[in-house]
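Structural features, examined
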There are 2 protein chains.
Amino acid sequence: MRDVYILGVGTTKFGELWDLSLRELASEAGLKAIMDAGIYAEDVDALYGANTSGGQFVDQEQIAALIADYSGITELNIPSIRIEAGSASGGAALMQAYLAVKSGQYSTVVVGGVEKMTDVPSEVATEIIGGSLDAEWETFFGATECSIAAMIARRHEFEGKAKRENYAMLPVISHKHASMNDTSHFKNVIKIEDVINASPVAEPLTVFDNAPISDGASALVISADLKKINNASHPIKIKSSSAANDFLSLHDRKSVDSFRAVKKSSDSALSLAGLDIGKIDALEIHDSYSIAALIQLEEILGKDAVKMTEGNDFYFNSSKPLNVSGGLKAHGNPLGTSGLYQAVEATVQLRGKAGQRQVKDPRNFLIHNMGGLGTTSVSTVIGVD
Amino acid sequence: MRDVYILGVGTTKFGELWDLSLRELASEAGLKAIMDAGIYAEDVDALYGANTSGGQFVDQEQIAALIADYSGITELNIPSIRIEAGSASGGAALMQAYLAVKSGQYSTVVVGGVEKMTDVPSEVATEIIGGSLDAEWETFFGATECSIAAMIARRHEFEGKAKRENYAMLPVISHKHASMNDTSHFKNVIKIEDVINASPVAEPLTVFDNAPISDGASALVISADLKKINNASHPIKIKSSSAANDFLSLHDRKSVDSFRAVKKSSDSALSLAGLDIGKIDALEIHDSYSIAALIQLEEILGKDAVKMTEGNDFYFNSSKPLNVSGGLKAHGNPLGTSGLYQAVEATVQLRGKAGQRQVKDPRNFLIHNMGGLGTTSVSTVIGVD
């Protein structure tokens, strides 16, 4: 099987971008990625678009076609396909693009994610986000994603597996890293007491346990074309990408406070990459909710993860850098985009170009993107040879 | 590259299925396909789901995860990804599943499409279908998909490329074939005058020029696993699958009454399959609107296509059988499902099991699924060795 490399990356700023439309965001990220890859539009064989709920946020489906239009590549009639897997859409699109290149049908592909969430009032956005839950058994009865996360948190504490401070620490780390990233939605540094004492959303979770509603787009150019790989200024390898799913409804799962699919997809991605977790220098995980981030860490790193939140292990200059981008929590969470921004961050870090927040000499990143609360899980290993 | 076969197919009836929910439809089709393939749920490595607008029709995203849930395969944590490309979602999902198996990462995959359109009033459905147009430049100004199709028809007649009767003939053919298919939405036989004189929707198009709003689900099991292929009662080969796109907005295109992407994807699929159009024994095309079907035929078969509508060439027992399933027009058009039902029909025909409407000894089917009006085009060649 042939090797697949990331040749270029591009991203917009994340945030409440009132003056930019979905199509403007998408094309900004796409064109930046194409320029960064040092290729031309006519070198692109296909476009994979990630988007969670464009039909509901901005009345637009066929979003991949729209992105191609506004990026000026439709003239060439290249295929444009949208991938949706709730908030794991970005990771899932990267995986499909990677498999399409590996299959031999395409050589060079643009994979871009975009979400424009702030054109609707935030209570409507919360309802749309609830589309990733089970419509008939959860949302119909009033559940929101945050309320489900809160139930998971309560259970996890009741089982004695973690204390409030363990998961309250994770937004603190993300905000610290986001403060050093130009494209972040939030740049304020916060303390653990800020998280615990902020306005409650669904107790015990407060506003600081929740990732924000953001606009934003990110894109990557990936390729297996040896000539283009050699021409690129700093290609980075996709070593593997693997997905797994769990039951949509919490009540169907054997355990409500573990994420089986996360363990399965991360183990599978590591195994396909021929690496064990010790060889992973840094992690980007899906911190849509602090408690969800903690449980992901337990599934990926094992039980030590809870203890590690009590020290400094997860900062960018420590032993296991975590969410050095600022994470979904503080860099922002434009749903379908988030998984692709994780890959942009990994690429920038592996190139050694992350400035103030640069991890020291990383060789391998594991990025984990999630749909719903552990329903869809996509793990990708990105590294240098 | 390894060969990929269709091992099993399953479909629900299409129509206004008030008593069945999205999840029931999806699991009925999925389980039928698994049983037909002679495999067990634990043999499935991944699930690809096709759906156009579940977020808007039934407030549900992460639809692939839902299908996996209700088909009883989530227990195994297999990955479930949804593909969306407007009404080409089914064809696009089949293509992604095919590429994922070809890439070597998965051996056996279920690809299933489902759409539940009749839970909303038909004027809301029309608006949701409009999501496949350009939201800012077309739908915002009141365009519906049928009104855009009507403009294409007017132009085509004005250019002298076809007469009203040429495209009015295509629904007649589809209804004839649908009358011989148990799972059809409509089984009534119609005449060319019925089409022309029916209630107008957007002149010159009448209700009989439009495919209906339907509920329905279809699924296939595809595999590259030699043992499973040998065990299957009647495996059929996917010889190629290729996609192309055109501008979303009609006003951006060089010609408003041709579909460049259709020519590109069908030429590419034939070339990848190593066949020319003469070797294609039957066609299933996307007859969402009669005029759209005629233009597809012109792109795929060349200019003779218009003349062929004046004879009997397109009936199941003639020289170039067309939409022997009954097409989207009469078998039904549950958006994201339609492209997969085309593949189900091709498989049943190639197995020689299509009963009354059986094409005589077919060896190769070309199926063409389309998003919007020529925006996304996916062509797949299915055949026997």
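In this text, all values refer to a predicted model and were calculated from it rather than measured experimentally. (Residues numbered from 1 in each chain as written. Chains lettered and ligands numbered in written order. Predicted model: local features only at pLDDT ≥ 70, side-chain atom pairs only at ≥ 80, totals over all residues. Heavy atoms only, no water.)

Quick notes on the pattern of salt bridges
In plain terms, the rule: What counts as a salt bridge is simple: a side-chain nitrogen of Lys or Arg found within 4 Å of a carboxyl oxygen of Asp or Glu. Runs of E in the DSSP output that reach at least two residues are strands. Runs of H or I that reach at least four are helices, and both are numbered from the N terminus. Using a 1.4 Å probe on the protein chains alone, a residue whose accessible area is under 20% of its type maximum counts as buried, one over 50% counts as exposed, and one in between counts as partly exposed.
Counted according to the given criterion, the structure contains 42 salt bridges over all chains. A salt bridge links Asp-267 of chain B to Lys-263 of chain B; the shortest N-O distance between them is 3.0 Å. With Asp-267 of chain B and Lys-263 of chain B both in helix α10 (residues 260–273), this residue pair falls four residues apart, about one helical turn. Residues Lys-303 of chain B and Glu-298 of chain B are paired through a salt bridge, measuring 3.7 Å at the closest nitrogen-oxygen approach. We classify Lys-303 of chain B as exposed; its relative accessible area is 65%. Overlapping salt bridges, with partners in common, bring together Asp-3, Lys-237 and Asp-385 of chain A in one network.

Some words on the relation of the copies chain B and chain A
Here is the rule we go by: Only residues with pLDDT of at least 70 in both copies contribute their C-alpha atoms to the least-squares superposition of the copies. Note on definitions: a residue-residue contact is assigned when non-hydrogen atoms from the two residues lie within 4.5 Å.
Once chain B is rotated about the relating axis by 180 degrees and shifted along it by 0.0 Å, it coincides with chain A to within an RMSD of 0.0 Å. Here the copies are linked by what is in effect a two-fold axis. Measuring from the rotation axis to each C-alpha of chain B, the shortest distance belongs to Ser-103 of chain B, at 1.8 Å. Both copies contact each other with a shared surface, as 100% of the interface residues of chain B are interface residues in chain A too.

Digging into the confidence of the model for chain A
We apply this condition: For every residue, the pLDDT score states the predictor's confidence, bounded by 0 at the bottom and 100 at the top.
Within chain A, residue pLDDT values average 93, and 99% of them lie at 70 or more. Reported confidences for the modelled complex are a pTM of 0.93 and an ipTM of 0.89.

Quick notes on the environment of Tyr-315 of chain B
Residue and element names in this part refer to chain B. Positionally, Tyr-315 belongs in the loop between α12 (304–308) and α13 (327–331). Classification of Tyr-315 as buried rests on a relative accessible area of 15%. Remark: the alpha-carbon pair of Tyr-315 and Gln-356, spanning 41 residues in sequence, is separated by 12 Å. Setting aside residues up to four positions removed in sequence, Tyr-315 forms contacts with Met-169, Val-172, Ile-173, Lys-176, His-177 and Pro-321.

Observations regarding a nonpolar patch on the surface
Selection criterion: Each patch groups residues whose relative accessible area exceeds 30% and which form no salt bridge, using 9 Å between like charges and 5 Å between nonpolar side chains of Val, Leu, Ile, Met, Phe, Trp and Tyr. Residue-level accessible areas treat just the shown protein chains as cover; the underlying method is Shrake-Rupley with a 1.4 Å probe.
Side chains of Tyr-70 of chain A together with Trp-137, Phe-140 and Phe-141 of chain B sit close together on the surface and give an oily, nonpolar patch of about 520 Å² of accessible area. When you line up the elements, Phe-140 of chain B lands in the loop between α5 (122–129) and α6 (145–158). With relative accessibility at 65%, the residue Phe-140 of chain B sits in the exposed group.

Comments concerning the interface of chain B and chain A
A common way to express how large an interface is: the accessible area buried when the components associate. Heads up, the rule is: Summed over both partners, buried area is the accessible surface (1.4 Å probe) that two parts give up on being assembled.
In this assembly, 68 residues from chain B lie in contact with 68 residues from chain A. Counting the surface lost from both chain B and chain A, the interface buries some 5,200 Å², and carbon and sulfur atoms represent 45% of this. Put simply, chain B and chain A have six salt bridges between them. No other element matches the seven residues that helix α4 (residues 89–102) of chain B contributes to the side of chain B that touches chain A.

Let's talk about the packing of helix α1 (residues 22–37) of chain A against helix α3 (residues 63–70) of chain A
Residues and elements named next belong to chain A. The following threshold applies: What counts as an axis is a line fitted to C-alpha atoms, over the stretch in contact for a helix, and the angles between N-to-C directions run from 0 to 180 degrees. Orientation labels follow simple angle bins: below 35 degrees gives roughly parallel, above 145 gives roughly antiparallel, 65 to 115 gives roughly perpendicular, and whatever is left gives oblique. Should the near helix be turned anticlockwise from the far one by less than a right angle, the crossing is termed left-handed; should it be turned clockwise, right-handed. In this count, Pro and Cys sit with the nonpolar residues alongside Ala, Val, Leu, Ile, Met, Phe, Trp and Tyr, while Asp, Glu, Lys and Arg are called charged and the others, Gly among them, polar.
Where α1 contacts α3, the axes come no closer than 8 Å and their chain directions differ by 65 degrees. Judged on the interaxial angle alone, α3 and α1 are roughly perpendicular. As α1 packs across α3, the resulting crossing turns out to be right-handed. In this structure, α1 contributes Leu-22, Arg-23, Ala-26 and Ser-27 to the contact, and α3 contributes Leu-66, Ile-67 and Tyr-70. Of the residues in the contact of α1 with α3, the class split is five nonpolar, one polar and one charged.

Observations regarding the domain arrangement of chain A
Residue and element names in this part refer to chain A. For clarity, the cut-off: Where a domain begins and ends is set by an automatic assignment or by a domain database. Two N or O atoms form a polar contact when they lie within 3.5 Å of each other; inside protein one atom must be a possible hydrogen donor and the other a possible acceptor, and for residues adjacent in sequence the pair counts only when both atoms belong to side chains.
Taken domain by domain, chain A holds domain 1 (4–121 + 214–237) and domain 2 (134–210 + 239–383). Taking only C-alpha atoms into account, the centre of domain 1 sits 23 Å from that of domain 2. Contacts between the two partners involve 43 residues from domain 1, matched on the other side by 37 residues from domain 2. When residues of domain 1 are sorted by the area they lose upon contact with domain 2, Phe-14, Ser-87 and Lys-237 head the list and together hold 22% of the total. Between Arg-351 and Asp-36 there is a salt bridge, with the nearest N and O atoms lying 3.0 Å from each other. Here domain 1 and domain 2 share 18 residue pairs in polar contact (both at pLDDT 80 or more) between them. If you list the elements that add at least two residues to the side of domain 1 that touches domain 2, you get β1 (4–11), α4 (89–102), β4 (108–115), β7 (216–223) and β8 (236–245). Top element by residues in the side of domain 1 that touches domain 2 is α4. It accounts for seven residues. Taken together, the residues of the side of domain 1 that touches domain 2 break down into 19 nonpolar, 18 polar and six charged.

Digging into unusual backbone geometry
The peptide bond linking Glu-203 of chain A to Pro-204 of chain A adopts the cis configuration, its omega dihedral lying at 5 degrees. Along the chain, Pro-204 of chain A falls in the loop between β5 (200–202) and β6 (205–206). Even without being glycine, Asn-77 of chain B reaches a positive phi, approximately 60 degrees. At Asn-323 of chain B, a residue that is not glycine, the phi angle is positive and equals roughly 45 degrees. Take Asn-323 of chain B: it is sitting in the loop between α12 and α13. You can call Asn-323 of chain B buried: its relative accessible area is 2%.

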